[in-house]
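Single-letter residue listing:
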Amino acid sequence: MDKKSENVVWHNHSVTHEARVAKKGHKPCVLWFTGLSGSGKSTIANAVDYLLYQQGVHSYVLDGDNVRHGLNGDLGFSDGDRVENIRRIGEVAKLFVDAGLVVSTAFISPFKDDRSLVRNQLEPGQFFEVYIDTPLDVCEQRDPKGLYKKARNGEIKNFTGISSAYEAPENADIHLQTAGKSVEQCAEYIVQALVDAGLVKASV
């Protein structure tokens with residue numbers, strides 16, 4: 001992190017951020033989905049992405065598991081590796097915002113300081129912390145990947161919510177309690193929040 005080459009110089013682009021935003025017709029931002037494993041982050045993020053796509057919004061989803069297949073494939077799940085995982089995703093998300101996109105990131109991102117670090121790298125109004133608030137017992141009942149069972153059996157170390165802490169957001173920009181709500185309702189709620197914030201236009 002601190003050992004940058006003296007020969008690395010920032011290169012300004014011919015096409016500015018402002019020009020890219022104007023071309024797309026909507027404002028860019030990061031929808032930072034956070035919540036326990038099995039809370040519905042990826043499912044809801046993809047539903048939001050589909051709604052935005054239908055409305056002509058340029059968007060993309062960075063999913064935790066998918067990113068660990070490539071960019072972050074060298075990282076484990078220790079606290080240090082989790083911090084580095086989020087740091088890298090924050091940098092990638094920042095590039096997507098510079099390109100004028102609405103980018104959804106679906107990561108547990110258990111630590112408040114890491115989420116705040118990403119927020120502080122972006123301009124005001126470009127970062128929305130989306131707390132997918134699903135109780136641990138519900139997540140454990142779902143257990144779509146069988147991870148909670150393995151964690152309870154001691155087969156997985158440093159598992160968030162079981163053997164590693166999850167620091168829930170205290171003042172999330174979008175706090176979504178999923179109990180009693182369908183995926184579609186959750187997605188519509190989030191898109192409406194973007195409309196209300198003036199980032200995207202309401203669907204017609």
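The preceding data block contains the structure.
Note that the structure is predicted; figures quoted are calculated from it, not measured.

**Q** Any chance you could break down the overall build of the protein for me, citing the residues and the numbers?
**A** Within the protein one finds eight helices and five strands. Whereas a compact globule of 204 residues would reach a radius of gyration of roughly 17 Å, the protein reaches 18 Å, a difference of no more than 12%. Along the first, second and third principal axes, the C-alpha atoms of the protein reach 55 × 50 × 30 Å. Every one of the 204 residues in the protein was classed for burial, and the buried ones make up 41%. Long-range contacts, defined as pairs at least 24 residues apart, comprise 74% of the intrachain contacts of the protein with a sequence gap of at least 6. Working note: accessible area of the protein is about 11700 Å², and carbon and sulfur atoms make up 50% of it. Once the 23 positive and 27 negative side-chain charges of the protein are each reduced to a mean point, those two points are 3 Å apart.

**Q** So what about the side chain of Lys41? Which residues, and what values?
**A** Along the polypeptide, Lys41 turns up in helix H2 (residues 41-54). The buried charged residue Lys41 lacks any salt bridge, with Asp63 as its nearest oppositely charged partner at 7.8 Å. At 2.9 Å, the side chain of Lys41 and the backbone oxygen of Leu36 are in polar contact. For Lys41, the contacting residues outside a window of four places in its chain are Phe33, Thr34, Gly35, Leu36, Ala106, Phe107, Ile108 and Ile132.

**Q** Let's hear about the environment of Ala151: which residues, and what values?
**A** Secondary-structure assignment places Ala151 in helix H7 (residues 147-152). Look at Ala151 and you get buried, because its relative accessible area is 9%. C-alpha separation for the pair Ala151 and Ile162, spaced eleven residues apart in sequence, amounts to 7.0 Å. Residues within four places of Ala151 in sequence aside, it is in contact with Ile156, Phe159 and Ile162.

**Q** Just give me the short version of the nonpolar core, but keep the residues and values in it.
**A** Judged by nonpolar contacts, the single largest core of 24 residues is most densely connected at Leu31, Phe33, Ile44, Val48, Ile190 and Leu194. Within the residue set of this core, elements represented by two or more residues are strand E1 (29-34), H2, strand E3 (102-106), strand E4 (127-133), strand E5 (174-177) and helix H8 (183-196). Ignoring anything within four residues of it in the chain, the contact list for Ile190 reads Leu31, Phe33, Ile44, Val48, Val130, Ile174 and Leu176. Among the nonpolar cores identified, the runner-up in size contains 13 residues, and Ala93, Val97, Val103 and Phe127 belong to it.

**Q** Tell me about the sheet that holds E5, residues and numbers included.
**A** Judged by pairing direction, the sheet is parallel, and its five strands sit side by side in the order E2-E3-E1-E4-E5 without closing on themselves. Bordering the open sheet on either side are strand E2 (59-63) and E5, each of which pairs with just one other strand. Averaged over all pairs of adjacent strands, the angle between strand axes in this sheet comes to 20 degrees, irrespective of strand direction. Relative to E3, E1 is paired through five bridges, and the arrangement is parallel. Pairing of Val30 across the sheet is with Val103, part of E3.

**Q** Give a detailed account of the packing of H2 against H8, specifying residues and quantitative values.
**A** At their nearest, the axes of H2 and H8 sit 9 Å apart, and the two run at 60 degrees to each other. Considering the angle they form, H2 stands oblique to H8. Of the two elements, H2 crosses H8, and the hand of that crossing is right-handed. For the pair H2 and H8, contact is made by Thr43, Ile44, Ala47, Val48, Leu51 and Leu52 and by Val183, Cys186, Ala187, Glu188, Ile190, Val191 and Leu194, respectively. By residue class, the composition of the contact of H2 with H8 is eleven nonpolar, one polar and one charged.

**Q** Requested: an account of unusual backbone geometry, with residues and values cited.
**A** Unusually for a residue other than glycine, Ser109 sits at a positive phi of about 40 degrees. Within the secondary structure, Ser109 sits in the loop between E3 and helix H5 (112-121). One non-glycine residue, Asp143, lies in the positive phi region at around 35 degrees.

Parameters at a glance
- Residues numbered from 1 in each chain as written.
- Predicted model: local features only at pLDDT ≥ 70, side-chain atom pairs only at ≥ 80, totals over all residues.
- Heavy atoms only, no water.
- Helix = DSSP H or I, 4+ residues; strand = E, 2+ residues; numbered from the N terminus.
- Rg over C-alpha atoms; globule rule 2.2 N^0.38 Å.
- Buried < 20%, exposed > 50% of the residue type's maximum accessible area, 1.4 Å probe, protein only.
- Contact = heavy atoms within 4.5 Å.
- Areas by Shrake-Rupley, 256 points an atom, 1.4 Å probe, with all protein chains shown as cover.
- Lys, Arg positive; Asp, Glu negative; His and termini not counted.
- Charge placed at Lys NZ, Arg CZ, Asp CG, Glu CD.
- Salt bridge = Lys/Arg side-chain N within 4 Å of Asp/Glu carboxyl O.
- Polar contact = N/O pair within 3.5 Å; in protein donor to acceptor, adjacent residues only side chain to side chain.
- Core = buried A, V, L, I, M, F, W, Y, C linked by side-chain atoms within 4.5 Å.
- Pairing = 2+ DSSP bridges.
- Axes fitted to C-alpha atoms, helices over the stretch in contact; angles between N-to-C directions.
- Parallel < 35°, antiparallel > 145°, perpendicular 65-115°, else oblique.
- Left-handed = near helix turned anticlockwise from the far one by under 90°.
- Nonpolar A, V, L, I, M, F, W, Y, C, P; charged D, E, K, R; others polar.

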